[in-house]
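# Residue-level structural notes
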Amino acid sequence: MDAVEAHTMRLLGTVDSSCMKSAAVLFEPGDVLYGRLRPYLNKVFAPDFRGLASAEFIPLTPVEGVAARFILYRLNSSEFVRFSSRLDEGDRPRVSYEQIGGFLFGVPPSPEQNRIVEALDSYLTRLDAAEQALRRAQANLKRYRASVLKAAVEGRLVPTEAELARQEGREYEPASVLLLRILAERKLRWEKAERAKMKAKGIALKDDRWKAKYEEPAAPDVSGLAELPEGWCWATVDQLAQSMRNGLSTAPHETAGVRILRISAVRPLSVNLGDVRFLPPPATLYESFNIADGDLLFTRYNGNPALVGVCGVVSGLTTRTVYPDKLIRVRLIEPLVQPHFIEIAVNTASSRRHLELLTRTTAGQLGISGTDLKNMPVPLAPLEEQVRISECCQRLLTQGSASRTGIGDSLARIARLRQSILKWAFEGRLVDQDPNDEPAAALLARIRAARAGEAVAAGGTARGRPQKVRA
């Protein structure tokens, strides 16, 4: 089934029949292969060679006077797909020859069938070429996005602070010095939070011994990491964060109430604040799980390994929203660390590879731990350079996103136009009719007579059933 592309009638490849381990059906040139598994996938193909196909295909052999490609295009039409998709349900729906045999459609005279096929071949070939050009543009945009992100974390997207300082004859603060300030600020914020906790509990502070409870975050293991641009240094997420916390484990089940993000809301460099479910009020129950602009949200678990540990920044939040247990919220030491710069860094290169290597299966789910995330190495640039990189990246990626949206819209229009052309063809509006053509009624009469003769010869009712063989 994988050898035929959904919706396009294109063959993607073949294998030697010795590779097939299950029952197969024999087909001949001029047959039409119809994929009966998951009919909504719309897998049909007209081979010009003899071979075997998975038994999930139904080979249809058109009778004399009926063009194989006319049948092919008819089965490819949205009208037939809707018809077949309603015939069976379930996780792996299948349809039978008898079920699809009940589909009724108008049959034009044989010469008109050939004119319709010729016109469809012409129109759809041009649409295919346009679609393939758009697909290539999509792939180029994906490579462009990757190259922008790679250049950003390698110090090649904008002039480095070290370069500008030399050109302007001034000093600058390298990231190693900035990191010391970040670590000092991190400790101060911890102390402030601890004082507030003890004050709330009525505990009087007599000395500074309580400060010894502070745990210094671990420095990164730089062995095997790439050399950074001048003025940059490696840090860990834990060094740059004032807090890190898993989300809320309460299961959402309401149609309204307190907004909670779905897991699918977080994708690389993106948080969709509209992708939510709801928890029962009051909102005060979940205050410690509120998100805020500038928060980094990481996926803790996901069925897709490519989406485990990816990160997006919360931006443009207008309504109180909480986050679920399968996400991790990281709050950075702002403004000494720029969230959008860190968002770029942790989704790219060495930082991303760190989590990919640590992704493991726990209780049947692919995931990472908070410790994995804390120890993630992050390239840290001087503060002013972080700002420039973030702004440049956002501008370039926004332009790329607009282009991707435009391509997606064009592909959707091509799909609609393809079905419109098929619809016109089977309504008799695509090509001219010729009054000199033999009427289709005469063709159908010959088909019925031939069928009746076959039935008599066979001693029963003739049926066009596919021939199954064992591969």
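Scroll up to find the structure this text is about.
Read on for an overview of the structure. Quick caveat, the model's predicted, so the values are computed rather than measured.

Reading the values: rules and limits
- Sequence order as written defines residue numbering, which begins from 1 separately in each chain.
- Side-chain atom pairs in this predicted model are given and counted only at pLDDT of 80 or more, local residue features only at pLDDT of at least 70, and totals for whole chains, interfaces and linings cover all residues.
- Side-chain numbers here rest on the full set of heavy atoms in the structure, without hydrogens or water.
- Each helix corresponds to a stretch of at least 4 residues labelled H or I by DSSP, and each strand to a stretch of at least 2 residues labelled E; elements are numbered beginning at the N terminus.
- When we talk radius of gyration, it's over C-alpha atoms, and the globule rule is simply 2.2 Å times the number of residues to the 0.38.
- Here the term buried applies to any residue with accessible area under 20% of the maximum for its type, exposed to any over 50%, and partly exposed to those in between, with areas from a 1.4 Å probe on protein chains only.
- Pairs of residues are marked as contacts when any of their non-hydrogen atoms sit within 4.5 Å.
- Space inside and on the surface of the protein is sampled on a 1 Å grid over the protein atoms alone, with a cavity defined as a set of points where a 1.4 Å probe fits but cannot get out and a pocket as an open set with protein on both sides within 12 Å along at least 5 of 7 lines; lining residues have an atom within 4 Å of a point.
- Grid points are joined across faces, edges and corners, and a volume is the space filled by probe spheres set on the points.
- Gly falls in the polar group here, along with every residue not listed as nonpolar (Ala, Val, Leu, Ile, Met, Phe, Trp, Tyr, Cys, Pro) or charged (Asp, Glu, Lys, Arg).
- Expected span of a helix, by definition, is 1.5 Å for each gap between consecutive residues, and there is one gap fewer than residues.
- Two strands are counted as paired when DSSP detects at least two bridges linking them.
- Here an angle of 0 to 180 degrees is reported between the N-to-C directions of two axes, which are lines fitted to C-alpha atoms, with helices fitted over the stretch in contact.
- We define a nonpolar core as any set of buried Ala, Val, Leu, Ile, Met, Phe, Trp, Tyr and Cys residues linked to one another through side-chain atoms lying within 4.5 Å.
- Geometry of aromatic contacts follows a simple scheme: Phe, Tyr and Trp rings, the Trp one being its six-membered ring, pair when their centres are within 6.5 Å, and the pair is stacked under 30 degrees between planes, edge-to-face over 60, tilted otherwise.
- In this scheme, Lys NZ or Arg CZ marks a charge over a ring once it lies within 6 Å of the ring centre and within 35 degrees of the ring normal.

Secondary structure summary: the protein contains 12 helices and 19 strands in total. Relative to its length of 471 residues, the protein is extended, with a C-alpha radius of gyration of 32 Å against a globular reference of 23 Å. In terms of principal-axis extent, the alpha carbons of the protein reach across some 105 × 55 × 45 Å. Residue burial in the protein is summarised as follows: out of 471 residues, 43% are buried. Taking all contacts inside the protein whose residues are at least 6 apart in sequence as the whole, residues at least 24 apart take part in 75%.

Here the focus is the layout of surface pockets. Quantified by volume, the second largest pocket comes out at close to 800 Å³. Around the second largest pocket sit 29 residues that line it, and Arg145, Leu149, Pro268, Leu269 and Leu397 are the ones nearest its centre. Taken together, the elements giving at least two residues each to the lining of the second largest pocket come down to helix H4 (110–153), strand E10 (270–271), helix H8 (339–346), helix H9 (349–358) and helix H11 (383–426). Of the residues assigned to the lining of the second largest pocket, the class counts are 13 nonpolar, eight polar and eight charged.

Taking 1.5 Å per residue, 26 residues should reach 38 Å; helix H6 (residues 175–200) reaches 37 Å between its end C-alpha atoms and fits that length. When we look at burial in H6, the residues that qualify are Ala175, Leu178, Leu179, Ile182, Leu183, Arg186, Glu191, Glu194 and Met198. Along its buried surface, H6 packs onto strand E6 (233–236), helix H7 (237–240), strand E7 (241–246), strand E18 (377–380) and H11. Of the residues trailing H6, glycine 202 is marked for its positive phi of about 75 degrees.

So, on to the sheet that holds strand E12 (residues 296–299). Taken in spatial order, the four strands of this open sheet run E7-E15-E12-E13, and their pairing is antiparallel. In this open sheet, the two edge strands, each paired with only one partner strand, are E7 and strand E13 (311–313). Each strand axis lies, on average, 20 degrees off the axis of its neighbour in the sheet, ignoring direction. Summarising the sheet, E12 and E13 pair through three bridges and their orientation is antiparallel. Across the sheet, the residue bridging to leucine 297 is glycine 312, located in E13. Each of E12, E13 and strand E15 (327–332) touches H8; the most contacted strand, E13, lies at about 165 degrees to it.

Note on soluble globular proteins: their nonpolar side chains tend to be buried together. With 48 residues, the main nonpolar core has Leu240, Phe298, Val330 and Ile342 as its most contacted residues. Setting aside chain neighbours within four positions, we find phenylalanine 298 in contact with Gly309, Val310, Cys311, Lys326, Leu327, Ile328, Val330, Val346, Leu373 and Met376. If you look at the next biggest cluster of nonpolar residues, it comprises 39 residues, including Val66, Phe103, Leu127 and Ile407.

Before going further, it helps to spend a moment on the packing of helix H1 (residues 68–76) against helix H2 (residues 78–85). Where H1 meets H2, the closest approach of the two axes is 5 Å, and the angle between their N-to-C directions is 65 degrees. Listed contacts from H2 to Arg74, Leu75 and Asn76 of H1 are Ser78, Glu79, Phe80 and Val81. Residue composition of the contact of H1 with H2, by class: three nonpolar, two polar and two charged.

One pass over the structure, following the stated rule, counts 12 aromatic pairs. Ring geometry for phenylalanine 70 versus phenylalanine 426: centroids 5.4 Å apart, planes at 80 degrees, classification edge-to-face. Highlighted residues: phenylalanine 70 in helix H1 and phenylalanine 426 in helix H11, separated in sequence by 356 residues. Its relative accessible area of 2% is what places phenylalanine 70 among the buried residues. For phenylalanine 426, a relative accessible area of 19% gives the class buried. Each residue in the set Tyr34, Phe70, Phe80, Phe83, Phe103, Phe105 and Phe426 is aromatic and connected to the rest through ring pairs, giving one cluster. Looking at arginine 74, its charged tip hangs above the ring of phenylalanine 426, at a distance of 4.5 Å from the centre. Positioned above the aromatic ring of phenylalanine 289, the side-chain terminus of arginine 245 is 4.3 Å from the ring centre.

Don't take any of this as a statement about function, it's just geometry.
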